[in-house]
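# Remarks on the overall topology
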Amino acid sequence: MTNQLKGAALTLIGGMCWGISGSVGQYLFTRQGMDSRWLVPVRLGLAGIILLIYGIIRFRGSVLDPWKNRYDRRDLIIYGVVGVSSSQFLYFLTIQLSTAGTGTILQDLSPVIILSLSCIVARRVPTAREIIAIFLALAGVFLIVTHGSLTNLNVSAAALASGVLSAVCVTIYNMEPVHLLSKFSVMQLQSWAFLMGSALFSLMFRPWRFHCVPDAAGWLGIAAVVLIGNVAAFPCYLKGVTYIGPERGILYGFSEPVTAAILSTLFLGSPFTPWDAVGFGAVFAMMMLISVRRQPKTPRPAVS
C-alpha cells in the first residue's frame, strides 16, 4: 500500500471515529439521560489518564517538559483549556441540544474562521476563492439551521451558539500553540489538555451532583467516546496527515460529520432532510476550496 493510500485510510478512519463518538454521545444524552456537564469531565479525565500513562511509558521523565518553561506553561493552558477542552465541551453540548450531525458540521466551520482571521492579521483582502468559501460556509449553516425558512429555526439558538463557539475554540487551539507543537509530542500536549479540562469542568459543574448511574450500555458508551473519540481517532488522523498533508486531511476529515449524520439518522431517529444534505454539501465544498489554497499554512480540522 502506498503512503497516499495509507494516509487516506488513516484520516478517513480518524474522522469516522470522531463521528462515531459524536453519535454515541447523542445516544448517551437521549437514551441514557446523561448531561454534557457530567459526561465531558468524565470523558476528558479518563482520556487524560490513559494518555498520561502512555506518555510516562513512552517518554518517561520528559512527560513533564511542557510545564518547565513559563511561556510553555502559558501556551499549554490556553491550548488545553480555552482550546481543546472547551471545544470538546461545547461540541458535546451542541449534540445534546441538537444532533451529532449538526454538532460536527458547526464545529467544521473552524477552517473558515481561521481563514478570516488570517486575512485580518495579514491585512489583506480575501481572494475570490476565499470569498466563495466563506459564502458557502454561511449558506450551508443557514440551510441546516433553518431548512430554508426565514421564520423558523430547525436548530435552537442555544445549539447554534454553542456550535459556533466550539468552532471558535477549535480555531484557538489551531492557531495559538505553534511552538508547542514543534517542541512536544501531540500525545504529551493532549494528555495535559484533557486533564486540565476535566479538572476545570469538574470544579465548574460538579458532576458528582448529577447522580448519574450508567447501566452496562451506558458504560460501554462512555468507553466508546473515550477510546474511539479520544484515544483512537486523534493518532489515526494525525498519522494520516503525515502521509498526505493537512490540505487533503481536511477533505478526508469530512468523514466525521457524514458518519455522525448517518449513524444518528439510522439508529437514533434524527431527521436528515434534503436541506441538511445541501447544507452539508455546501460546507464540504467550502472545505475543498480552502484545502486547495496555495498558502504556507493550512488550518487543521477539528478534533472532536
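Structure: above.
None of these values were measured; they are calculated from a predicted model. (Residues numbered from 1 in each chain as written. Predicted model: local features only at pLDDT ≥ 70, side-chain atom pairs only at ≥ 80, totals over all residues. Heavy atoms only, no water.)

### Describing the overall build of the chain
Scanning the chain for helices and strands turns up 12 helices and zero strands. The order of helices and strands in the chain, counted from the N terminus, is α-α-α-α-α-α-α-α-α-α-α-α. Taking 19 Å as the expected radius of gyration for a compact globule of 304 residues, we find that the chain reaches 19 Å, a close match to that expectation. Referenced to the eigenvectors of the C-alpha coordinate spread, the extents of the chain come out at roughly 50 × 45 × 40 Å. In the chain, which comprises 304 residues, the proportion classed as buried is 51%. Taking the contacts inside the chain whose residues are at least 6 apart along the sequence as the reference set, 85% of them involve residues at least 24 apart. In the chain, 22 positive and 11 negative side-chain charges are present, and the distance between their average locations comes to 6 Å. (Helix = DSSP H or I, 4+ residues; strand = E, 2+ residues; numbered from the N terminus. Rg over C-alpha atoms; globule rule 2.2 N^0.38 Å. Buried < 20%, exposed > 50% of the residue type's maximum accessible area, 1.4 Å probe, protein only. Contact = heavy atoms within 4.5 Å. Lys, Arg positive; Asp, Glu negative; His and termini not counted. Charge placed at Lys NZ, Arg CZ, Asp CG, Glu CD.)

### Regarding unusual backbone geometry
With a phi close to 55°, Arg 123 is a non-glycine residue in the positive phi region. Take Arg 123: it is sitting in the loop between helix H5 (110–122) and helix H6 (128–146). The exposure class of Arg 123 is exposed, given its relative accessible area of 81%. Positive phi values are uncommon outside glycine, yet His 211 reaches one of about 50°. Turning to its location among the elements, His 211 is positioned in the loop between helix H9 (186–205) and helix H10 (216–252).

### Considerations on the side chain of Thr 146
Mapped onto the elements, Thr 146 comes out in helix H6. Within the local environment of Thr 146, its side chain forms a polar contact with the backbone oxygen of Phe 142, the two atoms lying 2.5 Å apart. In this view, Thr 146 contacts Asn 152, Leu 153 and Asn 154; residues no more than four positions away in its chain are not counted. (Polar contact = N/O pair within 3.5 Å; in protein donor to acceptor, adjacent residues only side chain to side chain.)

### Structural notes on a nonpolar patch on the surface
A cluster of nonpolar side chains, contributed by Val 258, Ile 262, Leu 266 and Phe 267, occupies part of the molecular surface with about 420 Å² of accessible area. Within the secondary structure, Phe 267 sits in helix H11 (residues 255–268). On the basis of relative accessibility, which here comes to 61%, the residue Phe 267 falls in the exposed class. (Patch = residues over 30% accessible without salt bridge, like charges linked within 9 Å, V, L, I, M, F, W, Y side chains within 5 Å. Areas by Shrake-Rupley, 256 points an atom, 1.4 Å probe, with all protein chains shown as cover. Salt bridge = Lys/Arg side-chain N within 4 Å of Asp/Glu carboxyl O.)

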